[in-house]
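# Breakdown of the fold
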Amino acid sequence: MSTPLPRFQDGSSVLWATLALGTLDQLIPRVEMVFVDLEPIPLRITLDKVLDTFHRRWTDQPPHEIESLITEFQENAAYYSASPDLTPTEADTIDYCVDIFSAFHTMAIERMLNPRLLRTLSWPATLTKLVEKLNADVFEPALEPFLREYARFEQLPDVERIASVSILIQDCALNVRTQMMEFIRSYEWREDPPILEHDECHDQFAIMIEDSSFREYIMGELWELYDDLQRFENLSMRDRTRMMKSTIGMIATFFSYTGELLFPPETDDDEYSEDSEDWQEYEVVNDLDPVLTGPETATVDQVSSEVLQNSTEADCCICLTGNNVMRQLNVCNHMFCEDCLTSQLNAEGNYRYKCAICRAEMFP
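Residues numbered from 1 in each chain as written. Predicted model: local features only at pLDDT ≥ 70, side-chain atom pairs only at ≥ 80, totals over all residues. Heavy atoms only, no water.

### Remarks on the sheet that holds strand E1 (residues 304-307)
Reading across from one edge, E1-E2-E3 is the order of the three strands in this open sheet, with antiparallel pairing throughout. Only two strands of the sheet have a single partner each, and these edge strands are E1 and strand E3 (335-337). Averaged over all neighbouring strand pairs, the angle between strand axes comes to 35 degrees, with direction disregarded. The sheet contacts of helix H12 (residues 338-345) involve E1, strand E2 (326-329) and E3, and relative to E3 the element is tilted by about 95 degrees. (Pairing = 2+ DSSP bridges. Helix = DSSP H or I, 4+ residues; strand = E, 2+ residues; numbered from the N terminus. Axes fitted to C-alpha atoms, helices over the stretch in contact; angles between N-to-C directions. Contact = heavy atoms within 4.5 Å.)

### Some details on the confidence of the model for the protein
Caution is warranted with low-pLDDT regions, since their predicted coordinates should not be read in detail. Residues with a pLDDT of 70 or more make up 80% of the protein, whose mean pLDDT is 80. Note on residues 192-196: pLDDT is under 50 here. Beyond four places in sequence and across chains, it has four contacts. When the criterion is pLDDT under 50, residues 269-274 qualifies, and its contacts beyond four places in sequence or with other chains add up to four contacts. (pLDDT = per-residue confidence, 0-100.)

### Here we look at the pairing of E2
Relative to E2, E1 is paired through four bridges, and the arrangement is antiparallel. Within E2, the position partnered with Ser-304 by the bridge is Leu-329. Taken together, the three bridges between E2 and E3 define a ladder with antiparallel strand orientation. Note on E3: the bridge partner recorded for Met-326 is Cys-337. In this antiparallel pair of consecutive strands, E2 and E3, the connection spans five residues, and Asn-333 shows a positive phi of 75 degrees.

### Quick word on the pattern of salt bridges
Evaluation of the coordinates by the stated rule reveals nine salt bridges. Between Arg-327 and Glu-338 there is a salt bridge, and its shortest N-O distance comes to 3.6 Å. In this pair, Arg-327 is assigned in strand E2 and Glu-338 in helix H12, connecting sequence segments 11 residues apart. Several salt bridges converge on common partners, so that one network encompasses Asp-25, Arg-30, Arg-44 and Asp-48. (Salt bridge = Lys/Arg side-chain N within 4 Å of Asp/Glu carboxyl O.)

### Some details on unusual backbone geometry
Of note in the backbone geometry, Arg-57 takes a positive phi value of approximately 75 degrees without being a glycine. One can find Arg-57 in the loop between helix H2 (41-55) and helix H3 (63-81). Since its relative accessible area comes to 27%, Arg-57 is described here as partly exposed. A positive phi angle, close to 75 degrees, is found at Asn-333, a residue other than glycine. Tracing the backbone shows Asn-333 in the loop between E2 and E3. (Buried < 20%, exposed > 50% of the residue type's maximum accessible area, 1.4 Å probe, protein only.)

### Overview of the packing of helix H7 (residues 158-186) against helix H9 (residues 214-230)
Running from amino to carboxyl end, H7 crosses H9 at an angle of 135 degrees, the nearest separation of the two axes being 9 Å. Classified by the angle between their axes, H7 and H9 sit oblique to one another. As H7 packs across H9, the resulting crossing turns out to be right-handed. Side by side, H7 and H9 meet where Arg-161, Ile-162, Val-165, Ser-166, Ile-169, Gln-170, Cys-172, Ala-173, Leu-174, Val-176, Arg-177 and Met-180 of the first sit next to Phe-214, Arg-215, Ile-218, Met-219, Leu-222, Trp-223, Tyr-226 and Gln-230 of the second. Of the residues in the contact of H7 with H9, the class split is 14 nonpolar, three polar and three charged. (Parallel < 35°, antiparallel > 145°, perpendicular 65-115°, else oblique. Left-handed = near helix turned anticlockwise from the far one by under 90°. Nonpolar A, V, L, I, M, F, W, Y, C, P; charged D, E, K, R; others polar.)

### Examining H12
If you check which residues of H12 are buried, you get Cys-340, Leu-341, Gln-344 and Leu-345. When H12 is viewed along its axis, its buried side chains cluster within an angular range of 135 degrees and face the same direction. Packing partners of the buried residues in H12 comprise helix H10 (237-252), helix H11 (300-303), E1, E2 and E3. (Arc of directions from axis to C-beta.)

### Concerning the environment of Gly-249
Along the polypeptide, Gly-249 turns up in helix H10. Classification of Gly-249 by relative accessible area gives buried; the value is 6%. Distance in space between the C-alpha atoms of Gly-249 and Glu-132 is 9.7 Å, their sequence separation being 117 residues. With sequence-adjacent residues up to four places away left out, Gly-249 is seen in contact with Leu-127 and Val-131.

Encoded structure:
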């Protein structure tokens, strides 16, 4: 294990933990693929346990359990990285990724054992910090053209308008992915003296992002944003910015405990294959509106409870401020400030009773 361990810049810990686990998941052979060389099996088994625990939110698990698991993880990684069958680059990548995840674990344990910092481990707080970190370097420069230009297409005929918006969304998604890859490649750890450079590993992280479904994921979120914007008239720039920040929060979840980088949604390839007898091409309909689930009007007290100011330091993940009264949704426990939640409940769209983070129905 290299020393010292990396130290994360504010808000980026869950991102780097995700990248490290994703790289190890690609590099370490799966048990069912090992036929002769048994050396990777102990690390593969432990890595699967780490991935499962991470998926259930590492910071929500009992400290003694994850301490035992991280020790097993480090020992098995050290054993396998010393294998003569690995190239120096592969061995270095394994050690570096384990160091990154160990640093994430160390930071988590320190906060778990400190009552003053424990509340910063909540998922809304973690997501808010991640968005704050990535906003200036990744999201704002890449997505600003979307809010500036989408409205220019409103007077165009339907076919031309959809085509123009589609091109805009594709360009923005490509820009976000490019900015994200550049952020990964140019990241510098906060160390004095600095740790060894691992440019090759950061290149692998960036390539993993390029090869993933990240661009398609961004496009899906931007189409959702566009549909939401279409349902309102005369939106102020402040309201549009709030909706964009909510979308950015959803994009950031790609690099998280349950994000699609590590846990892509399962699909039955045969079910959607054009070679299947049951396959049929359908025309996309763009004027569908989700069914409203719940009453015509609702108050914040019906769908949430007030969070005491001295019990959390999490900022609202929509407006990114902590100056307002915070509310916790009853259905999923995600938190928003009272102003943002009130604005959502008073909106006209049929989606207004869905959590802005996980889309859970407030009136199931």
